[in-house]
Amino acid sequence: MSSGRGAARRTAAGTGLAVRVLLLGSIWTPVEAQLSGLLDDCLCDIESIDDFNTYKIFPKIQKLQERDYFRYYKYSKRANNTKELEDCEQANKLGAINSTLSNQSKEAFIDWARYDDSQDHFCELDDERSPDAQYVDLLLNPERYTGYKGASAWRVWNSIYEENCFKPRSVYRPLNPLASSRDLYLQLFSFFFFFPGEDDGESFYTWLEGLCLEKRVFYKLISGLHVSINLHLCANYLLEETWGKPRWGHNVKEFIHRFDPIETKGEGPRRLKNLYFLYLIELRALSKVAPYFERSFVDLYTGNVQEDAESKTLLLDIFRDTKSFPMHFNEKSMFAGDKKGAKSLKEEFRLHFKNISRIMDCVGCDKCRLWGKLQTQGLGTALKILFSEKEIQNLPENSPSKGFQLTRQEIVALLNAFGRLSTSIKELQNFKLLLQHTR
């Protein structure tokens, strides 16, 4: 009986949401007005990215993510600081990993491991060989709302922004609860639905614009990743649950709360621009790494010769599209100062990012941690590619290179992370349409 009453309450809440959306539908106009034109720190406009992603990238990257090579990701369920992580009951249920694998898949993974071990590795494998690591089927574990909430969830992103984005503590981020009496209220939002900040932001952006390009880029990448994750969860939200059957869909109210310029004091459009900036960075990395995969002996091994050939053909087709994009980010503008200073800054950049990947281990919700780690590793792999231009240019045609190599894990993370960004930009277009239809 109590579950029936709960379902009724959720249905009533959904009705209230519809009314609120009707009232707020017109607010998309100021977002559209501010989310257009050229992006900062590069010569590319948002409209060109929208068109390129919709007609070139999105359909193909979706197909690629369904291939066996890309749908399985090796993941350790171990979390750090578990005593401090306060998972709610709903997050334990919705955030649980579906570990279902067929016997055929398990046997294939053994073959994959033998094949991968026979290759030469010249990079750190992190926890890929951890005894508690296991393959997870990403198609059975879509990224969506899990209900993960609490102070521990808030602390993860706060630690990322406060300790790893080159920011002094005296400078408050926009909408920062540390600068507000609304601390407790904001901490109740889910882990991925929290955005740092609660002042007018002018002091922060004055500080940010005074940074060197490399440090501005770092902040935008982390903010863009945060935005992308938020969009996924807004687009795959638990709208209601009747008799144990969940209904997932777009939560327009939550989207408005996260990105409306009025409700976010102008922050929403700035955040969304960082998503486009991150997309450009990973798009550039894919275009630069194409020669690595174009070599004849590099394959996407699953043991199925026909599937492997088809997967590589599709991947190379995507690479051709990425290289055709006319307004790439120019990574040569980064670390272009004196050699000693540039080398030191690059190492600082790398260590900050590596620390963020460790912080993702502190997420208490299994599914949130899975997708957080995958997308962080994907971005890390993209940066590794951009920082290895000379090594990629000097790749031998018929043998592995000691200067540059990618593991299966890095390849899977790189393409799935970019697939998530492509989906985010596509979902942003869907939210535009939903808001227009409710006016």
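Note that the coordinates shown come from a computational prediction; the quantities given were computed from them, not determined experimentally. (Residues numbered from 1 in each chain as written. Predicted model: local features only at pLDDT ≥ 70, side-chain atom pairs only at ≥ 80, totals over all residues. Heavy atoms only, no water.)

### Topic: the packing of aromatic side chains
Then step 1. This model, assessed by the stated rule, comprises 17 aromatic pairs.
Then step 2. On the basis of an interplanar angle of 25° and a centroid distance of 4.3 Å, the ring pair of Tyr145 and Tyr237 is categorised as stacked. With a gap of 92 residues between them, Tyr145 in the loop between strand 2 (133–137) and helix 7 (151–164) and Tyr237 in strand 3 (residues 237–242) connect regions that are remote in the sequence.
Then step 3. Both rings, one in Tyr292 and one in Phe404, keep their centres 5.5 Å apart while their planes meet at 85°; by these two values the pair is edge-to-face. Taken together, the residues Tyr292 in helix 12 (residues 267–294) and Phe404 in the loop between helix 16 (389–393) and helix 17 (408–437) connect sequence positions 112 residues apart. Taken individually, Tyr292 and Phe404 each receive the classification buried, so the pair is uniform in this respect.
Then step 4. Three or more aromatic residues link up through ring pairs in this structure, and these residues are Phe166, Phe218, Phe335, Phe349 and Phe387.
Then step 5. Over the ring of Trp248 we find Arg144, and its NZ or CZ is 4.0 Å from the ring centre.
Then step 6. For the cation-ring pair, Arg270 lies above Tyr205, with the distance from its terminal atom to the ring centre recorded as 3.7 Å. (Phe/Tyr/Trp six-rings, centres within 6.5 Å; stacked < 30°, edge-to-face > 60°. Helix = DSSP H or I, 4+ residues; strand = E, 2+ residues; numbered from the N terminus. Buried < 20%, exposed > 50% of the residue type's maximum accessible area, 1.4 Å probe, protein only. Lys NZ or Arg CZ within 6 Å of the ring centre and 35° of its normal.)

### A closer look at the pairing of strand 2
Then step 1. Of all the five residues making up strand 2, four are buried; the element is thus mostly covered by neighbouring parts of the structure.
Then step 2. Strand direction decides the pairing type here: strand 1 (residues 72–76) and strand 2, joined by five bridges, are antiparallel. When the sheet's bridge partners are listed, Tyr75 is paired in strand 2 with Gln134. (Pairing = 2+ DSSP bridges.)

### Looking at unusual backbone geometry
Then step 1. Despite not being glycine, Asp41 has its phi angle at roughly 65°, a positive value.
Then step 2. Here Asp41 is to be found in the loop between helix 2 (28–34) and helix 3 (46–65).

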